[in-house]
Every structure is written in structure tokens, then in C-alpha cells.
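Chains, contacts and geometry: an overview
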Amino acid sequence: MKYAYYPGCSLEKTQRGYDESVREVFKALNQELIEIDDWNCCGATVYMSVKETVSLAVSSRNLALAQNMGYDIVAPCSSCFTVLSKTNRILNQIPEMHHDVNEALSEAGLNYSGNTKVRHPLDILMNDVGIETIQKKMKKNLGGLKIAPYYGCQIVRPDKTFDDHENPVLLDKMFKKCGAEVVYFPMKVRCCGGMLMTTFEETALKLNKELLACAEAHGADVIVTTCPLCHFNLEAYQNKINNIYNTNFNVPILYFTQLLGIVLGLPEKNIGLDSVFVPVGKKISSLIMA
Amino acid sequence: MAATSHIPFSMSHTEAELRQIFLEQVKQIPSGERIKRCIQCGSCTGSCPVSYAMDISPRELIALFRAGEMETIMKSRTIWICASCYVCTTRCPSGIKITDIMYALKRTAMEKKYESKAPQVQILANLFIENLMAYGRLHEGTLIRKYYMKMDLKKLFGMIPLARKMYKTKRIALFPKKIKAHEALSRIIKKANEIEVRHLPEPIEYSPEYVGYKAVGELELESKKGN
Ligand code: SF4
Ligand code: SF4
């Protein structure tokens, strides 16, 4: 299958590990990602809180470009995924807004029907490609690696998307089939604070401390993420959390596509494993070497 | 909860104006009118990961809206600390779109230029927009640098070790890059801004009994949608 790929701003550089691993995993599974030419920022949640018509028009430009390509749009970043999905929902439910947005888009010679499907890589890998295909291409068994699957907020909420709001299971299923042990992780959909790390740092640090403590308490070797914001908060602020709360966390954080890349036997460099801040630890290193 | 500041059954001019702007916003939320159906169960507050750090809980916020206390909401910390995690929205038994309502309240507060208890959120939002307008994509380095320069220089210096780590792992783009269609995007934004202004509501004559349930009910959010 072919998909219109929308990496989003944070995947361009700061979260290149996510971008690289998504691209490589898709390639390894014979799925074609065609990057949308000259896409723009989706506006993220911050923009939504300022001007609605403007924010919808800005995100719609990307949906219109994907529509012209004729493929579903794939957005790995949870925030982009929600913003684009939400744009669709509003345009489809409020015709005046749809009309206004198209009036704005016409300034750039574009028109958007409201029909581009917004997809997340996890959905595609589990529902289009399927776990059987993944298992067939599996090169390395995770050998009981203990993972805490962390879904975060925005791929499972607010709309009914492709997994459950309260207890999503696709990551669990994926990695169980790859030989991992999925630890009990009741905080799998608890918020990491997102942008609060910049605006209300104390509050966000506390949320992330709780997530790390929960994963550690249940013996996780790694937290597996699906969202650049969760990933960054858990990874880049782990030191700070240790300093403030007198803890000793040393929990590796990997994108689910990075771990899947290891399973598929993809070279470490190609899936951005050279960009992690918390060393992956013995178990994962030996898997990579194997 | 703050004490009621007005004479029973009357609405101040400010309150009327705030409600009007807010309800216009609510109309743009699919199923926004469900705000009328709050049963004050508190599921939202109980589920919210940051309610402990709010001055008004999400449940109280809806109660205050119904009681004609928009100003108290505008001056709260709550609307700014909401992390948009959507847990309240998915758990509300009445299907109220609380997260979207938070956005509508933020927009109302910004439009009426309320002095915020958390100015940093608006500063970040404005810098974000400035960044988007300038390049079409977000350049995180520029955003964070400008933000901390405005907010807290000490923190900016505190970011240096992290920035170094990011540089070493090739996770920083030193310079922002404009998208090719930057001008076209600017035209889209300009037009959308004009449309937004065109939609500003006409002032409505409020009658004194528009308070509480009455105010919410009288506005007939649902039937207005089609006009
Ligand atoms: S969960 Fe819904 S019904 Fe219950 S208090 Fe909150 S907004 Fe009201
Ligand atoms: S969306 Fe906002 S108000 Fe609702 S639970 Fe999350 S942080 Fe709390």
C-alpha cells in the first residue's frame, strides 16, 4: 500500500529516531510512504487555542495536499494525528466552517473535500499490514524483554480511533507476538503533561516521575512510546527528575517503531538508535548485537 | 468557589458580553451544546491529571458558567494549565466536550484581554504562531530560545546541557527553514483571519433573567447552528 506521509515538525530533527524508524519499518514491510511535498506545521494544540478558523485552515492545507495525492495520510506524532483528525471532524460536522476553510484554502488554489483519512502508523501496522506479516519478517525474538507500553493521550482520545480509550491493546499485542513480556502498566494512557513541561514545569515533572516510577515498579526494561512529546518528556527530563525527587531512574525510552525495527533486524543506525539519551541497557544492546 | 458577585437574577454587562463570545465559540464545537447537560458528577475532576494544581476544578468551572460567573473563570489558572489530555471528555457521562470548552474559554479570555494567572501560556502560544507564520514549520530551537529569553534567563542557561546533548546526537536544526509555499500559506492565514473577524457576533440584548440554566437554555445553541 501507498500512504501520504506527514512527519510533522518534531520528527524532522529533534525526534529523528521516530521518523527514521517509521520510514525503515514501513520499507521493511513493503509499505510505501510518500512524503507530502512542502507540508506545513499542523498548528498543534497551542494554535487551536488561539484562532479556530485559522488553525483549521492551516491544518487543512496538509489534508488537501494528501487528498491531491490520493492516499490516506500517515501522522506518527500524536499531536498532529489529533489535530488533523479533529480538523476532519469539525469540517464534516459544521458545514459553515468547511465552507470558510475552503474559502481560505482557495487563496492557494486548494480545495479540501473533508475526506482524507488520517491514520497512525500503529493502526496501519496492526490493521493493514497485520501481525502475521510482521511475524513472518521477524528476525529477532525479544526473548522476554519487559516492556511498558505507553500510549499517551492523543492517539486514543478524544475520538473513537483505532484502539480503546481506557485500555488500548495494540502495542501490547504487537510486542507480545514478538516475544516481549508486557508488564502491568496501569498508566498506559495517563498524560505526560505535554507542553506543560515548558509552561508549568513542576506539574509536568511530577506527572513524568509517576510514569517512570510506575514502569520501574513493575520491572520494565524499557518504556515504549508512540508520541514525540511523551518521548521527549520522559527521556530528556529524566535527569532533572532524578535531581529533584532524589530518584535513580535510568529507564530507556524507545519509540515502538524503533523496537519493532530491532525485531525486524534493521541496522541500529537506520532506526535512530544513535540518538537516544538514556542508554538502552544490556538486554536491548545484546538484542541489537545478536 | 467564589461568591456570587451580582444581584440575584441580574446579569452584569461584562458577564453578558463574555457569555456571548464564549457561546459563539461553543457553537463551533461539534456537540458543544451538550454543556447544558452537566450533572455535576465530578468524573472530569476525578480523572484530570492536573486538577490538583487547578484553582477551579473542571466540574466547578461548568457550575460557575451556569451560575453566571464567567469572570471568575476568565481569571482562573485552570483554563491555562489544562494539558489537553482529553480524559475528561472521554469519561464525561453527559458527553460534554470539556477539553474543547477549555479551548473556547482560553480564546474568550484572550479576546477580552484578561490578565492571566499564567501569562507564560499565552507567551508560548504567541511565539508559536510567530514561528509558524515566519517559516510555515515550527523551529523548536527558536521557539524555546525566545520563550526562555522572555520568561526566565536562568532557565535558558539551564537548557545548555540538554541543547549540547541534542547537538551531539544530531537532533538540532541550527537554523529554521522556510517552506516553499510560504507565501501561499500566508495568504491562507490572512484570509482565514478576515473570515474570523467577519464572524464576530452582533451584540445581543440580554434580559436580566438570563442567568443560570435559563441563560444556557435560552440561547438555543442547537437551533442556531443551521443559520
Ligand atoms: S464529567 Fe461531565 S457531567 Fe460530570 S461534572 Fe464533569 S462535565 Fe459535568
Ligand atoms: S483535558 Fe484538561 S481538564 Fe480535561 S482531564 Fe485533561 S488536563 Fe484535565
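Within each chain, residue numbers correspond to sequence positions counted from 1 in written order. Lettering for chains starts from A, numbering for ligands starts from 1, and both go in the order in which the items are written. Thresholds applied to this predicted model are a pLDDT of at least 70 for local features of residues and 80 or more for the giving and counting of side-chain atom pairs; totals over whole chains, interfaces and linings are not thresholded and use all residues. Side-chain metrics in this entry use all non-hydrogen atoms of the structure; hydrogen atoms and water are not considered.

**Quick notes on the overall build of chain A**
What counts here: Secondary structure elements follow DSSP: runs of H or I no shorter than four residues count as helices, runs of E no shorter than two count as strands, and numbering proceeds from the N terminus. When accessible area is computed with a 1.4 Å probe and restricted to protein chains, residues below 20% of their type maximum are described as buried, those above 50% as exposed, and intermediate ones as partly exposed. Any two residues whose heavy atoms approach within 4.5 Å at even a single point are treated as in contact. In short, Shrake-Rupley with a 1.4 Å probe defines the accessible areas, and a residue's cover is counted only from the protein chains shown.
A count of helical and extended segments in chain A gives 15 helices and eight strands. Across the 290 residues that make up chain A, the buried fraction comes to 68%. The contacts of chain A with a sequence gap of at least 6 include a subset with a gap of at least 24, amounting to 76%. Surface exposure of chain A reaches about 9900 Å², of which carbon and sulfur atoms provide 49%.

**Remarks on helix 9 (residues 140–151) of chain B**
Put simply, the rule reads: For a helix, the expected span equals 1.5 Å multiplied by the residue count minus one.
Taking 1.5 Å as the rise per residue, helix 9 of chain B with twelve residues should run 16 Å; its terminal C-alpha atoms sit 16 Å apart, in good agreement. Every buried residue belonging to helix 9 of chain B is among Thr142, Leu143, Tyr147 and Tyr148 of chain B, and all of these are buried. Against helix 10 (196–199) and helix 11 (201–217) of chain A together with helix 8 (119–135) and helix 10 (153–158) of chain B lie the buried residues of helix 9 of chain B.

**Describing the interface of chain B and chain A**
Applied cut-off: Joining two parts hides part of their accessible area as seen by a 1.4 Å probe, and the buried area is that hidden amount summed over both. A side-chain nitrogen of Lys or Arg and a carboxyl oxygen of Asp or Glu constitute a salt bridge if their distance falls within 4 Å. What qualifies as a polar contact is a pair of N or O atoms within 3.5 Å, subject to a donor-acceptor requirement within protein and to the restriction that residues adjacent in sequence count only when both atoms come from side chains. Any residue that is not Ala, Val, Leu, Ile, Met, Phe, Trp, Tyr, Cys, Pro, Asp, Glu, Lys or Arg is counted as polar, Gly included; the first ten are nonpolar and the last four charged.
At the interface, 69 residues of chain B touch 69 residues of chain A. Taken over both partners, the interface formed by chain B and chain A buries close to 6300 Å², and the fraction arising from carbon and sulfur atoms is 60%. When residues of chain B are sorted by the area they lose upon contact with chain A, Arg137, Arg171 and Ile188 of chain B head the list and together hold 12% of the total. Counting across the chain B and chain A interface gives eight salt bridges. The residue Arg171 of chain B makes a salt bridge to Glu235 of chain A at a minimum N-O spacing of 3.2 Å. Our count for the chain B to chain A interface comes out at 23 residue pairs in polar contact (both at pLDDT 80 or more). Elements supplying a minimum of two residues to the side of chain B that touches chain A: helix 5 (78–81), helix 6 (87–91), helix 7 (98–111), helix 8, helix 9, helix 11 (160–168) and helix 12 (182–198) of chain B. With eleven residues, helix 12 of chain B is the single largest residue contributor to the side of chain B that touches chain A. Across the side of chain B that touches chain A, the residue classes tally to 39 nonpolar, twelve polar and 18 charged.

**Let's talk about the site of ligand 2**
All names here are of chain B. Operational definition: Any residue with a non-hydrogen atom lying within 4 Å of a molecule or strand is treated as near it.
Looking at ligand 2, there are 13 residues lining it, with Cys48, Cys82, Ala83, Cys85 and Cys88 nearest. Of all the secondary structure elements, the ones that give two or more residues to the shell around ligand 2 are helix 6 and helix 7. Among the residues forming the shell around ligand 2, the class breakdown is eleven nonpolar, two polar and no charged.

**Side note on the sheet that holds strand 7 (residues 222–225) of chain A**
Residue and element names in this part refer to chain A. To keep it simple, the criterion reads: DSSP-based pairing: two strands are paired if at least 2 bridges between them are found.
Reading across the sheet, the four strands line up as 6-5-7-8 and stay open at both edges, with parallel pairing between neighbours. Strands with a single pairing partner mark the edges of an open sheet, and in this sheet they are strand 6 (181–182) and strand 8 (253–255). Pairing geometry for strand 5 (residues 146–149) and strand 6, over two bridges, is parallel. Paired with Ile147 across the strands is Val182, a residue of strand 6.

**Things to note about the packing of helix 4 (residues 52–69) of chain A against helix 6 (residues 95–105) of chain A**
Residues and elements named next belong to chain A. Rules: Between N-to-C directions, angles span 0 to 180 degrees; the directions come from axes that are lines fitted to C-alpha atoms, helices contributing only their stretch in contact. Should an angle fall under 35 degrees it is called roughly parallel, over 145 degrees roughly antiparallel, and 65 to 115 degrees roughly perpendicular, with every other angle called oblique. Crossings are classed by handedness, with left-handed meaning an anticlockwise turn of the near helix from the far one by less than a right angle and right-handed meaning a clockwise turn.
With their axes 9 Å apart at the nearest point, helix 4 and helix 6 run at an angle of 70 degrees to one another. Comparing the axis directions of helix 4 and helix 6 gives the class roughly perpendicular. The interaxial crossing formed by helix 4 with helix 6 has right-handed handedness. Of the residues in helix 6, those touching helix 4 at Glu52, Thr53, Leu56, Ala57, Ser60, Arg61 and Ala64 are Met97, Asp100, Val101, Ala104 and Leu105. Here the contact of helix 4 with helix 6 is composed, by residue class, of seven nonpolar, two polar and three charged.

**Re the domain arrangement of chain B**
Using the following cut-off: The domain boundaries here were taken from an automatic or database domain assignment.
Entries for chain B in the domain assignment read domain 1 (13–114) and domain 2 (118–193). Just the C-alpha atoms count here: the centres of domain 1 of chain B and domain 2 of chain B sit 28 Å apart.

**Looking at the packing of helix 4 of chain A against helix 12 of chain B**
At a minimum axis distance of 8 Å, the contact between helix 4 of chain A and helix 12 of chain B shows a crossing angle of 150 degrees. When the axes of helix 4 of chain A and helix 12 of chain B are compared, the pair comes out roughly antiparallel. Crossing handedness for the pair helix 4 of chain A and helix 12 of chain B: right-handed. For the pair helix 4 of chain A and helix 12 of chain B, contact is made by Glu52, Thr53, Val54, Ala57, Val58 and Arg61 of chain A and by Leu185, Ile188, Ile189, Ala192, Asn193, Ile195 and Glu196 of chain B, respectively.

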